[in-house]
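Descriptive structure summary
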Amino acid sequence: MANTTTDDSRKENNQDLTLERSNASFNINEITEIIDGGVDKTKFRKEMEKLLFDDPLFKDFYKTFFKTRSELYEESIARGVKLFSLRQKYKWTDEQFEVIEDLVNHLFGMSLHFTMFIPSLERLATETQKAKWLPLATNFKILGTYAQTEMGHGTYLQGLETTATYDPVTEEFILNTPHKSSMKWWPGSLGKSSTHALVQAVLIINGKNYGMHPFMLQLRSLDNHMPLPGIEVGDIGPKMTVNYNDNGFLLLKNVRIPRQHMLMKHAQVSSDGKYTSSGPNKAIYATMVLVRVKMTKWVHDALRKAITTAVRYSAVRHQSKMDDSGPEPQILDYQTQQYKLFPVLADTYALFFMSRNLRRQYNRMMEDIRNKGSYKMLAEIHSISCGLKGLSSKIGIDGASICRTACGGHGYLMVAGISEVLGLLHSVVTAEGEYTVVCLQTARYLMKQIAKVSVGEVVTESCEYLNVDPQSFSCPLQTPADCFNLTFLCDIFRNRANSLIRSVASRLQIAIESGTPQHIAMNNNLQSLVRVAEAHSETIMVLDFTAAVTSLRTSPETIKVLTSLCQLHALHTIVKHAGDFMETESVGLEQIKWIREQELKLLEIIRPNAVALVDAFDLHDDSLGSLLGVYDGNVYERLYESTKYNPMNQNVVHPSYHKYLKPLMSGEMISKL
Ligand SMILES: CCCCCCCCCCCCCCCCCCCCCC(=O)SCCNC(=O)CCNC(=O)[C@H](O)C(C)(C)COP(=O)(O)OP(=O)(O)OC[C@H]1O[C@@H](n2cnc3c(N)ncnc32)[C@H](O)[C@@H]1OP(=O)(O)O
Ligand SMILES: Cc1cc2nc3c(=O)[nH]c(=O)nc-3n(C[C@H](O)[C@H](O)[C@H](O)COP(=O)(O)OP(=O)(O)OC[C@H]3O[C@@H](n4cnc5c(N)ncnc54)[C@H](O)[C@@H]3O)c2cc1C
């Protein structure tokens with residue numbers, strides 16, 4: 001039976017949805033608990049939904065679509081302040097706060113305070129610095145952001161131009177953004193809200209450039225919020241989405257800060273200007289790794305909203321006829337609709353299991369760093385998280401676009417909620433490392449791993465498949481039924497990635513050995529390098545999903561339905577990249593035909609459980625933020641109701657009629673020309 005997180009005061013459930021729900025072959029609560037992480041966590045989430053969505057500040061998400069930017073900003077600050085106060089009152093942990101962030105769609109002001117500012121202090125500050133700033137930050141005496149990107153450089157951190165020049169006489173750093181291109185541009189909550197910023201700037205001592213380092217900078221007075229001397233700060237303007245957020249710009253002119261305001265956990269400057277460093281030189285990039293890991297889960301959160309909307313709407317929407325004498329079918333019954341939506345549904349689940357595993361690996365790495373001072377896993381986690389952040393954002397954008405179009409005209413309305421999801425996903429594909437750029441980081445790592453294999457060195461866990469010689473591989477699919485064998489499918493993914501990696505590595509080696517300068521050889525293979533990063537990341541996703549479904553401790557019915565999704569995720573990914581799989585002889589032409597047939601069979605298998613599989617995400621209507629995807633399915637009534645909130649309908653006759661249309665129609669306008 002369905003969970004009861006929706007607003008019961010509303011109408012009767014739509015009959016189609018009721019029937020769909022009664023047809024489910026499994027207990028949706030089992031999946032809900034897996035996704036929440038256990039019964040207690042489901043209970044906590046439901047309590048939080050009650051707490052939040054009884055409050056008008058967090059209710060009826062769709063009304064935000066009718067607001068101006070300034071109203072959106074103000075409302076988001078009110079939400080942020082409420083959430084921060086509740087966090088303190090109830091002593092929510094970071095993990096619990098992440099649940100809250102998801103419930104409210106990250107739609108609250110100052111979100112970077114907890115997403116980046118505090119984690120940066122935790123990772124980059126010394127114990128003394130932490131003792132000073134963390135209590136101020138966690139008690140909201142200071143509100144912070146992460147200011148790294150500049151107008152001229154976001155990707156290439158070695159090209160940053162903001163300078164922090166050490167003055168040993170006063171024991172201060174002097175901060176400057178010397179050119180227009182050096183101004184900080186993009187940091188969230190910088191424009192109007194933050195009192196402080198973690199500024200990444202190039203450290204200069206005695207004229208020597210030591211590269212990017214983190215500095216704590218107070219931006220605004222704590223009395224009246226005015227910018228401090230030498231600081232110009234403001235909002236960068238309307239964006240594709242996240243318009244509630246005051247992403248900002250920042251210019252600095254000879255702003256002096258005490259020496260102790262450089263975050264010195266990994267690098268230190270003594271009072272007489274001596275530079276020392278400890279730990280790996282990329283340790284100052286630590287916060288970016290954390291956010292990339294989190295983003296893979298954010299993509300799952302976003303995509304499950306889009307797919308819930310699209311599947312439920314497809315179950316209540318009837319259109320056209322399959323058979324002249326029959327009724328208009330649910331659009332979900334068209335094979336084409338299923339082929340659009342079920343692979344997205346499968347991807348959404350794949351994203352969940354992948355992001356859960358990535359987070360676990362990240363947590364293990366952090367434990368190693370904290371307890372043993374060991375950074376051994378850092379390179380591996382950096383490489384995996386880059387590729388998976390990139391891949392998940394691509395899957396998210398593609399999937400949400402499909403959901404949008406699958407909802408026809410109504411899907412184009414903002415109140416359908418999918419455009420908002422899509423816009424948010426577009427921010428994820430770019431922020432925290434642009435897609436191509438992060439893929440290339442993964443590819444760089446893969447090239448190093450394959451070089452290790454060639455000299456008999458041990459490779460890291462995610463690359464173990466490189467130890468196999470692709471020459472010894474033969475496609476394990478002997479019959480169409482083999483296409484459902486997850487062990488076979490995993491081997492096929494491993495072989496495709498292995499072959500692609502080896503072939504690019506060998507092309508690079510040949511080019512370099514024949515005298516092509518390394519940077520030219522790299523550039524000539526850049527697209528292939530992105531492709532190997534994608535292949536590697538897709539392999540990880542399939543392996544993670546398979547490992548999860550084959551080790552689940554739940555009912556056979558639930559395992560069965562999740563296994564079908566895992567199979568569909570793998571088969572659909574093969575079909576999307578059939579060229580790659582055939583080129584690497586991971587599958588043959590015959591197998592591709594079987595895979596296509598089996599994919600269609602899976603649509604039929606999944607169809608009876610489609611609604612239950614999105615219900616299992618157990619999204620509260622106020623979190624879903626879509627009038628097409630509401631739990632009760634009364635879509636048309638909701639759409640009509642929404643016109644009441646539309647400011648365009650405030651006056652029956654709009655003032656522009658009197659100003660323009662009437663004079664045109666009466667001839668007055670033309671006679672004036
Ligand atoms: C209905 C509604 C429904 C709605 C539903 C919605 C539901 C929910 C949806 C939720 C949506 C919410 C939306 C909120 C908005 C978004 C907020 C996000 C905030 C974003 C904040 C930011 O955006 S903040 C800025 C991030 N800005 C970058 O991300 C710069 C990229 N650029 C680099 O990151 C470096 O520039 C780059 C390339 C590594 C090269 O760095 P470089 O040049 O120094 O290094 P090289 O390439 O030379 O590499 C040298 C060696 O360093 C190694 N290495 C490099 N990085 C390393 C590292 N991190 N850790 C360890 N090792 C590392 C490498 O592996 C090499 O190792 P080796 O030598 O052994 O090979
Ligand atoms: C919503 C949002 C929120 C953000 N929040 C913050 C924040 O809080 N703090 C902060 O500091 N920053 C923030 N940013 C900035 C963000 O981190 C950068 O925009 C991002 O890292 C991309 O860098 P860029 O803009 O320089 O893109 P560019 O690097 O200019 O990318 C443009 C194109 O150039 C290509 N390209 C660039 N370099 C290479 C290369 N080496 N090889 C191949 N192709 C390349 C890219 O693939 C891309 O196609 C935010 C951005 C967004 C959109």
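Residues numbered from 1 in each chain as written. Chains lettered and ligands numbered in written order. Predicted model: local features only at pLDDT ≥ 70, side-chain atom pairs only at ≥ 80, totals over all residues.

Rules: UniProt positions are given in the numbering used here, feature names are shortened, and annotations may be inferred rather than shown by experiment.
In the nomenclature of an unreviewed UniProt entry, the chain is known as Acyl-coenzyme A oxidase of Mytilus edulis. Turning to the chain, the UniProt record has this under Sequence similarities (unreviewed entry): "Belongs to the acyl-CoA oxidase family."

**A word on the site of ligand 2**
Applicable threshold: Near residues are defined by distance alone, with the backbone-placed C-beta atom required to lie within 6 Å of the molecule or strand. Only DSSP runs of H or I with at least four residues qualify as helices, and only runs of E with at least two residues qualify as strands; both kinds are numbered from the N terminus onward.
Around ligand 2, the surrounding shell holds 22 residues, and the nearest of these are Gln148, Thr149, Gly154, Thr155 and Thr436. Of all elements in the fold, only strand 1 (144-147), helix 11 (418-430) and helix 12 (435-454) reach the threshold of two or more residues within the shell around ligand 2. Broken down by element, the residue count for the shell around ligand 2 peaks at three residues, all from helix 12.

**Description of the pairing of strand 3 (residues 172-176)**
Convention followed: Exposure classification rests on a simple neighbour count of other C-beta atoms within 10 Å of a residue's own: a residue reaching 20 or more is buried, one at 12 or fewer is exposed, and one in between is partly exposed. C-beta atoms are placed from the backbone. Here the rule is simple: two strands pair whenever DSSP picks up at least two bridges between them.
The alternating pattern of strand 3 places Phe173 and Leu175 on a buried face, while none of Glu172, Ile174 and Asn176, on the opposite face, is buried. As paired strands, strand 2 (residues 163-167) and strand 3 are joined by five bridges and run antiparallel to one another. Among the inter-strand pairings, Thr165 is bridged to a residue of strand 3, identified as Ile174. Connecting strand 2 to the next strand, strand 3, in antiparallel fashion are four residues, including Glu171 with a positive phi near 55 degrees. When strand 3 meets strand 9 (residues 255-258), the two strands line up antiparallel, connected through four bridges. From the neighbouring strand, Ile174 faces strand 9, where its bridge partner is Arg256.

**As for the packing of helix 3 (residues 39-53) against helix 5 (residues 94-103)**
Our working definition: In this analysis, axes come from line fits to C-alpha atoms, helices being fitted only over the stretch in contact, and the angle between any two N-to-C directions falls in the range 0 to 180 degrees. Should an angle lie under 35 degrees it is considered roughly parallel, over 145 roughly antiparallel, and from 65 to 115 roughly perpendicular; all remaining angles are considered oblique. Working rule for handedness: look at the near helix, and if it is turned counterclockwise from the far one by less than a right angle, call the crossing left-handed; if clockwise, right-handed. Once C-beta atoms have been placed from the backbone, residue pairs whose C-beta atoms lie within 7 Å are recorded as contacts. Residues were grouped as follows: Ala, Val, Leu, Ile, Met, Phe, Trp, Tyr, Cys and Pro as nonpolar; Asp, Glu, Lys and Arg as charged; and all remaining residues, including Gly, as polar.
The N-to-C vectors of helix 3 and helix 5 enclose an angle of 50 degrees; their axes lie 10 Å apart at closest approach. Between helix 3 and helix 5, the crossing angle belongs to the class labelled oblique. Taken as a pair, helix 3 and helix 5 cross one another with a handedness that is right-handed. Here Phe44, Arg45, Met48, Glu49 and Leu52 of helix 3 lie close against helix 5, whose contacting residues are Gln96, Val99, Ile100 and Leu103. When the residues that make up the contact of helix 3 with helix 5 are grouped by side-chain class, the tally is six nonpolar, one polar and two charged.

**Points about the site of ligand 1**
Residues in close proximity to ligand 1 total 41 residues, the closest being Lys282, Tyr285, Gly417, Gly433 and Gly625. Mapped by element, the contributors of at least two residues to the shell around ligand 1 are helix 8 (286-316), helix 10 (378-406), helix 11 and helix 12. With seven residues, helix 8 is the largest single contributor of residues to the shell around ligand 1. Partitioned by chemical class, the residues of the shell around ligand 1 number 19 nonpolar, 15 polar and seven charged.

**So, the UniProt feature "domain: Acyl-CoA oxidase C-alpha1" (unreviewed entry) in the chain**
UniProt marks residues 285-447 with the feature "domain: Acyl-CoA oxidase C-alpha1" (unreviewed entry), using the numbering shown here. With 76% helix and 0% strand, the stretch residues 285-447 has end C-alpha atoms that lie 21 Å from each other.

**A closer look at the sheet that holds strand 4 (residues 184-185)**
Taken together, the three strands give an open sheet; going across it, the order is 4-8-7, and neighbouring strands pair in antiparallel fashion. Because the sheet does not close on itself, it has two edges, and the strands there are strand 4 and strand 7 (231-235). Strand direction decides the pairing type here: strand 4 and strand 8 (residues 248-252), joined by two bridges, are antiparallel. Looking at strand 8, one finds that Trp185 is bridged to Phe249.

**As for the nonpolar core**
Basically, it comes down to this: Core membership is restricted to buried Ala, Val, Leu, Ile, Met, Phe, Trp, Tyr and Cys residues, and these are joined into a nonpolar core through C-beta atoms within 7 Å.
Counting 177 residues, the largest nonpolar core has Phe215, Ile307, Leu345, Ala400, Cys403, Leu425 and Val532 as its most contacted members. Ranked by residues supplied to this core, first place goes to helix 8 with 18 residues.

**Side note on the pairing of strand 6 (residues 208-218)**
Examined bridge by bridge, strand 5 (residues 196-205) and strand 6 share nine bridges and lie antiparallel to one another. Its bridge partner being in strand 6, Val199 is matched across the sheet by Phe215. Counting the residues in the hairpin turn of strand 5 and strand 6 gives two residues, including Asn206, whose phi is positive at 50 degrees.

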